[in-house]
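Observations on the model geometry
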Amino acid sequence: MTTTERAKLWLGDAYDEETRDEVQRLLNENSTELEDAFYRNLEFGTGGMRGIMGIGTNRLNKYTLGAATQGLANYLKSFHQEKELKVVIAHDVRNNSRKFIQIVADVLSANGIRVFIFDNFRPTPELSFAVRYLGCDAGIVLTASHNPPEYNGYKVYWNDGAQIVPPHDLAIIEQVGKVRAEDIKFDGNPDLIEILDNHVDDVFLEHCVKFGSREDKSGYDQLKIVFTPIHGTAIASIPEALERAGFEHIHLVEEQIKPSGNFPTVKSPNPEEPAALAMALDLAEKINADIVIGTDPDADRLGVAVRDLDGKMILLNGNQTNTIFTDFLLNELKEKNAFTGNEFIGSTIVTSDIFIDLAKYYNIECKLGLTGFKWIGKMIREAEGKQKFICGGEESFGFMIDDFVRDKDSVTSTLLACHIAANAKAQGGSIYQNLIEAFAKTKVYQEDLLSITKPGKSGAEEIAAMMSNWRKNPPTSFNDSPVCKLDDYLTLESKEIQTGNVSPIDLPASNVLIFYTEDGSKIAARPSGTEPKIKFYFSVNAPLDHVNDYESVKQQLLKRIENLKAELS
């Protein structure tokens, strides 16, 4: 079906007058706007369905949300035919989210499904928690994470509180694909929709404080914390969680505490980007703060800045933050002699291999999954009753502690970061020194990310061509170091270049290529599942003979990364 044919379907009686008028305008103009709006259907990627708000099959609107929800309802009803179905829904601060959540609730309730919705925005990790706490069959959160203001999104969670994975994700997509506009039941049943009070909030925060802080409050009264929600949902949870845990010096970035889907003070509300934390870093210098934390709009990811050995405030990357967290949690178990032999941590294929090394150091297992926290959630579900999950993280600033939440969780992670920083300060050290000590147990790892945006249909085609070319003509070296292994997660084959030996990869297929070079470099190429981007992940490492050598080793590794990036820019 051509783009024009797909658009003309939206002129039918199943669509409201406002929608039909807008589609006709696009058809009359026959511009790239029409092409981008209708050239494909939004699909579930690693983070669900995410897109620009507006009219069209490739946009987030009443009908694409309605079709997704109707498809989900059809699947739930076929999966559970003999019970009352329950779904809990949350949303972040993005524009139109309250309108969208009502549409979703109406469609579910019109299908006879009991719906719980929060009375206002809530963090994504609380939605994950609420699924299990309320005994729901599924959960939905309306969010587009750190995307620009014109975006919104829709993520589905299964009854374990984790994002949907096979076979459920593919089955839901199949059901959604069968839904026509006239099939969507928009007339909700108010009797089946319940507005949640703050009880779930209280229980959620109790769990966050339990797993993120400790009884030892050393340094809690001295640590100076700067926090910014970057206009997002975390303003409703993290300051209160810090106060409940016992931290006394919490300084908020006043210009960024007001929730807003326009994110007026930043170009991008992404804590991975230093510019998003510029105001927080300025405040930290004014008050001589020890730690800066910023969260993304739906409060599942966090950026952390700390003072280095020279007292300069620097932003840690996601791998570094997660290294500090993981080493702390595993060392805590070791000191308590609490390992039982069945513990594991979770990571992803594009995340630093330091987590494999840390697992070896502590003699536990590190499980690897595809990009996205839903795969770590899958690990937890499959290991229930057999292995104990300690923590998990990925390079894109996401971390999860224990399993009361089954998705990345900035609330509990913020508490843990502040606990580690406070205790280190009380003992005359610093959280930055904790990172170096973790490197001393393994190797120094340094990572970076090159993200190239290619919007629209032409951009998607260009990204596909780039990946195809790399498969047909793979690079033989990077930075003058020969490629020694190539992992292709689409063909699920791992090839040793020198011997030609090929071994299978035991993971679901995904459009990812990872190159390993003889000098220990790791270069991964992956099209984003939720944004019009292709991402290149770089990781290099070197031994650390003495902690005093860290800065010089770090500079050598940074130079290697810059050379790698230059080859691909």
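Sequence order as written defines the numbering, with residues in each chain counted from 1. Side-chain atom pairs in this predicted model are given and counted only at pLDDT of 80 or more, local residue features only at pLDDT of at least 70, and totals for whole chains, interfaces and linings cover all residues. Hydrogens and water are ignored here; the side-chain numbers use all heavy atoms of the structure.

This part covers the overall build of the chain. In DSSP terms, a helix is any run of H or I states spanning at least four residues, a strand is any run of E spanning at least two, and both are numbered starting from the N terminus. Within the chain, the secondary structure is distributed over 17 helices and 23 strands. Within these notes, the globule rule equals 2.2 Å times the number of residues to the 0.38 power, and the radius of gyration is based on C-alpha atoms. Taken over the C-alpha trace, the chain has a radius of gyration of 24 Å; the compact-globule value for 569 residues is 25 Å, and the two agree within 12%. Principal axes of the C-alpha set define a box for the chain whose edges measure 70 × 55 × 50 Å. Partly exposed residues are those whose accessible area sits between 20% and 50% of the maximum for their type, while under 20% is buried and over 50% is exposed, using a 1.4 Å probe and protein chains only. Per-residue burial over the chain gives 57% buried out of 569 residues. Any two residues whose heavy atoms approach within 4.5 Å at even a single point are treated as in contact. For the chain, long-range pairs separated by at least 24 residues make up 69% of all intrachain contacts whose partners lie at least 6 apart in sequence. Approximately 22900 Å² of the chain is accessible, and the part contributed by carbon and sulfur atoms is 46%. Where accessible areas are quoted, they stem from the Shrake-Rupley method and a 1.4 Å probe; at the residue level, only the protein chains shown are allowed to cover.

This part covers the sheet that holds strand 15 (residues 398-401). We treat two strands as partners when DSSP finds at least two bridges between them. In spatial order, the strands read 13-12-14-15; together these four strands make up an open sheet with mixed pairing. Because the sheet does not close on itself, it has two edges, and the strands there are strand 13 (365-369) and strand 15. Direction aside, the axes of adjacent strands within the sheet are offset by 20 degrees on average. One ladder, built from five bridges, connects strand 12 (residues 343-348) with strand 13; its direction is parallel. In the sheet register, Thr 348 faces strand 13, and the bridge partner there is Gly 369. All axes here are fitted lines through C-alpha atoms, helices being fitted over the stretch that makes contact, and every angle between N-to-C directions spans 0 to 180 degrees. The sheet contacts of helix 12 (residues 354-361) involve strand 12 and strand 13, and relative to strand 13 the element is tilted by about 155 degrees.

This next bit is on the environment of Asn 111. Within the secondary structure, Asn 111 is located in the loop between helix 5 (97-110) and strand 3 (114-118). In sequence terms Asn 111 and Leu 544 are 433 residues apart; their C-alpha atoms lie 60 Å from each other. Every residue in contact with Asn 111, bar those within four places of it in the chain, is listed here: Gln 70, Ala 73, Asn 74, Lys 77 and Lys 185. Engagement of the side chain of Asn 111 in a polar contact is seen with the backbone oxygen of Val 107, the distance being 2.7 Å. Two N or O atoms form a polar contact when they lie within 3.5 Å of each other; inside protein one atom must be a possible hydrogen donor and the other a possible acceptor, and for residues adjacent in sequence the pair counts only when both atoms belong to side chains.

Sheet strands line up and pair through hydrogen bonds in the backbone, either parallel or antiparallel. One open sheet holds the six strands; their spatial order is 1-5-4-2-3-6, and the pairing between them is mixed. Pairing within the sheet leaves two strands with one partner each, and these edge strands are strand 1 (49-52) and strand 6 (193-196). Each strand axis lies, on average, 20 degrees off the axis of its neighbour in the sheet, ignoring direction. Summarising the sheet, strand 4 (residues 138-142) and strand 5 (residues 151-158) pair through four bridges and their orientation is antiparallel. Paired with Ala 138 across the bridge in strand 5 is Trp 158.

Relative to the assigned elements, Thr 228 resides in strand 7 (residues 224-228). Overall, Thr 228 belongs to the buried group, its relative accessible area being 0%. A distance of 2.6 Å separates a polar atom in the side chain of Thr 228 from a polar atom in the side chain of Gln 256. With near-sequence residues (within four places) excluded, Thr 228 lies in contact with Val 253, Gln 256, Leu 277, Ala 280, Ile 293, Gly 294 and Thr 295.

On to the nonpolar core, then. Buried Ala, Val, Leu, Ile, Met, Phe, Trp, Tyr and Cys residues form a nonpolar core when they are joined through side-chain atoms within 4.5 Å. By size, the foremost hydrophobic cluster in this structure holds 96 residues, and its most contacted members are Val 88, Phe 247, Ile 291 and Ile 345. With eight residues, the top contributor of residues to this core is helix 14 (residues 410-426). Aside from chain neighbours lying at most four places away, what touches Ile 345 is Thr 326, Leu 330, Phe 355, Ala 359, Ile 364, Glu 365, Cys 366, Lys 367, Ile 390 and Cys 391. Listed in part, the 37 residues of the second largest apolar core include Met 53, Leu 60, Ile 89 and Tyr 154.

Glancing now at empty space enclosed by the protein. Think of a 1 Å grid over the protein atoms and nothing else: a 1.4 Å probe that fits but is trapped marks a cavity, an open set flanked by protein within 12 Å on at least five of seven lines marks a pocket, and residues with an atom within 4 Å of a point count as lining. Grid points are joined across faces, edges and corners, and a volume is the space filled by probe spheres set on the points. Counted according to the given criterion, the structure contains two cavities of 30 Å³ or more. One number sums up the size of the second largest cavity: a volume of about 30 Å³. In terms of lining, the second largest cavity is formed by Thr 326, Ile 345, Gly 346, Phe 355, Cys 391, Gly 392, Gly 393 and Phe 399. Among the secondary structure elements, those contributing two or more residues to the lining of the second largest cavity are strand 12 and strand 14 (388-394). Classifying every residue of the lining of the second largest cavity gives four nonpolar, four polar and no charged. Classification used: nonpolar for Ala, Val, Leu, Ile, Met, Phe, Trp, Tyr, Cys and Pro, charged for Asp, Glu, Lys and Arg, polar for all others including Gly.

Further remarks concern the pairing of strand 5. Burial within strand 5 is extensive, with eight of its eight residues counted as buried. Across the two faces of strand 5 the burial is the same, with Tyr 151, Gly 153, Lys 155 and Tyr 157 and Asn 152, Tyr 154, Val 156 and Trp 158 all buried. Alignment of strand 1 against strand 5, held across four bridges, turns out to be antiparallel. By the bridge assignment, Arg 50 is partnered in strand 5 with Gly 153.

Turning our eyes to something else, we now look at the packing of aromatic side chains. Note on aromatic contacts: the rings of Phe and Tyr and the six-membered ring of Trp form a pair at centre separations within 6.5 Å, being stacked when their planes are under 30 degrees apart, edge-to-face when over 60 apart, and tilted otherwise. Applying the stated criterion across every chain yields a total of 21 aromatic pairs. With centroids separated by 5.1 Å and ring planes inclined at 15 degrees, the aromatic side chains of Phe 211 and Phe 404 adopt a geometry described as stacked. Of this pair, Phe 211 sits in helix 8 (residues 199-212) while Phe 404 is found in the loop between strand 15 and helix 14, placing the two residues 193 residues apart along the sequence. With relative accessibility at 17%, the residue Phe 211 sits in the buried group. One aromatic cluster is present, formed by Trp 10, Tyr 15, Phe 38, Tyr 63 and Phe 186 through successive ring pairs. The ring centre of Phe 186 lies 4.7 Å from the NZ or CZ of Lys 62, which sits over that ring. Sitting over a ring, as applied to charges here, requires NZ of Lys or CZ of Arg to be within 6 Å of the ring centre and within 35 degrees of the ring normal.

Okay, the state of the cysteines next. Pairs of cysteine sulfur atoms within 2.5 Å are identified as disulfides in what follows. Taken as a whole, this structure holds zero disulfides when the rule is applied. Free cysteine Cys 208: the closest other cysteine sulfur is in Cys 418, separated by 13 Å. Residue Cys 208 is classed as buried on the basis of its relative accessible area, which comes to 0%. Looking at the unpaired Cys 484, the closest cysteine sulfur is the one in Cys 366, lying at 19 Å.

What follows is about helix 11 (residues 318-335). In an α-helix, one full turn covers 3.6 residues, which means residues spaced three or four apart are oriented alike. The end-to-end C-alpha distance of helix 11 is 26 Å, a good match for the 26 Å that 18 residues give at a rise of 1.5 Å each. The buried count for helix 11 comes to 15 of 18 residues, which makes it a mostly enclosed element. Every helix has an expected span of 1.5 Å times one less than the residues it contains.

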